[in-house]
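Survey of secondary and tertiary structure
The chain contents come next:
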Amino acid sequence: MRRKTAAAQLEAEIRRREEVLRQTFRRYVSPRVADKILEDAQLRDTLLSTADVRAHAVVLFADLRGFTSISEQLDPHRVVPLLNEFFSLLTEITFRHEGTVFHMAGDCLMLGFGVPLEQPDSPQRAVQAAREMLVSFGDLARSWKARFNIEAGLGIGINEGDVVAGNIGSASYMNYTIIGDAVNIAARLCQRARAGEMLFSSALKRSLDAHGMDIGATPLPPLQLRGRSHPIDIFCVPLETRVQLSTERVAA
């Protein structure tokens, strides 16, 4: 009797932990990807441990342009719902293309494709998601303009390269994220992008070319980044219309 009780309790605890894990990863990835992770015992154990994993991934940063001006014009109780609309839209698109949400803070979103699950077509997924974000956010920005008379735009930076994925933090708080030079470059490209622009590196361009994906990219002057001895080649894919905002941030 005791053995049966202990076995039942163990089984119930396993089910509870799996449900917690499922709900946790559905904050980062689509339900379909979350289920794939749970089905892979080795990957599941790796994600729960503190060990880091090296991966080749595509990193995408999406940043709201005009947020400072919006915060100045509107009361905080009006700003929060706008941010929720912004993040909900971009997260929904990310999950549709089976990307992973690694970081969401202020007015910026950091995404990954090809991690934690390998995706041979991660460059195409990232670019398709970025295109959809730019178009869909254009509709949302026009709605904000009509409702609150505010202007906003979206800038996107994408890079491909090696990253380290793992749980980073303390004993009381951990966050599953990715770090590495590839992440830093993607962030810099996002800072450089104007509203309505997608900027990406030559590393991503080579992958797209190798898969025969022509997205009408325009080469830009090489970008010199602080701390790097050589500039990097970058490319741009703008929308037909871009919003020129005085509060846009341009950093090198």
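Here's a quick rundown of the structure. (Residues numbered from 1 in each chain as written. Predicted model: local features only at pLDDT ≥ 70, side-chain atom pairs only at ≥ 80, totals over all residues. Heavy atoms only, no water.)

What follows deals with the overall build of the protein. In terms of helices and strands, the protein carries eight helices and eight strands. Out of the 252 residues belonging to the protein, those deemed buried represent 46%. Long-range pairs, those at least 24 residues apart, make up 68% of the contacts in the protein between residues at least 6 apart in sequence. Surface accessibility of the protein: about 13,500 Å² in total, with carbon and sulfur atoms responsible for 52%. (Helix = DSSP H or I, 4+ residues; strand = E, 2+ residues; numbered from the N terminus. Buried < 20%, exposed > 50% of the residue type's maximum accessible area, 1.4 Å probe, protein only. Contact = heavy atoms within 4.5 Å. Areas by Shrake-Rupley, 256 points an atom, 1.4 Å probe, with all protein chains shown as cover.)

What follows deals with unusual backbone geometry. A cis geometry characterises the amide bond from V115 onward to P116, with omega recorded as 5°. Residue placement: P116 occurs in the loop between strand 3 (108–113) and helix 6 (122–148). The residue E98 is not glycine, and still its phi comes out positive at about 60°. In this structure, N149 takes a positive phi of about 60° despite not being glycine. Looking at where N149 falls in the secondary structure, it is placed in the loop between helix 6 and strand 4 (153–169).

Enumeration according to the criterion identifies ten salt bridges in this entry. A salt bridge links R147 to E85, with the nearest nitrogen and oxygen atoms 3.0 Å apart. On the criterion of sequence distance, the pair formed by R147 in helix 6 and E85 in helix 5 (residues 76–96) is long-range, its members being 62 residues apart. Looking at R147, the relative accessible area reads 42%, which means it is partly exposed. Notably, a salt bridge pairs R96 with E92, separated by 3.2 Å at the nearest N-O pair. (Salt bridge = Lys/Arg side-chain N within 4 Å of Asp/Glu carboxyl O.)

W144, I156 and I158 are the most contacted members of the largest nonpolar core, which totals 41 residues. When residues in this core are grouped by element, the largest group, ten residues, is from helix 6. Ignoring any residue separated from it by four or fewer positions in sequence, one finds W144 in contact with L64, I70, L82, E85, F86, F137, N149, I150 and A152. Core analysis: the second largest hydrophobic core is formed by 22 residues, M110, A165, Y176 and I178 among them. (Core = buried A, V, L, I, M, F, W, Y, C linked by side-chain atoms within 4.5 Å.)

With that out of the way, let us pick up the pairing of strand 6 (residues 197–201). The element strand 6 is extensively covered by neighbouring structure, given that five of its five residues are classed as buried. Side chains E197, L199 and S201 project from strand 6 onto one buried face, and the interleaved M198 and F200 project onto a second face that is buried too.

This part covers the packing of helix 5 against helix 6. The packing of two helices is summarised by the inter-axis angle and the distance between the axes. Between helix 5 and helix 6, the least distance of the axes is 10 Å, while the angle of their chain directions is 160°. Comparing their axes, helix 6 and helix 5 come out roughly antiparallel. Both helix 5 and helix 6 take part in a crossing whose hand is right-handed. Residues R78, L82, E85, F86, L89, L90, I93, T94 and R96 of helix 5 touch helix 6, and the partners they reach there are A129, E132, M133, S136, F137, L140, W144, R147 and F148. The residue makeup of the contact of helix 5 with helix 6, split by class, is eleven nonpolar, two polar and five charged. (Axes fitted to C-alpha atoms, helices over the stretch in contact; angles between N-to-C directions. Parallel < 35°, antiparallel > 145°, perpendicular 65-115°, else oblique. Left-handed = near helix turned anticlockwise from the far one by under 90°. Nonpolar A, V, L, I, M, F, W, Y, C, P; charged D, E, K, R; others polar.)

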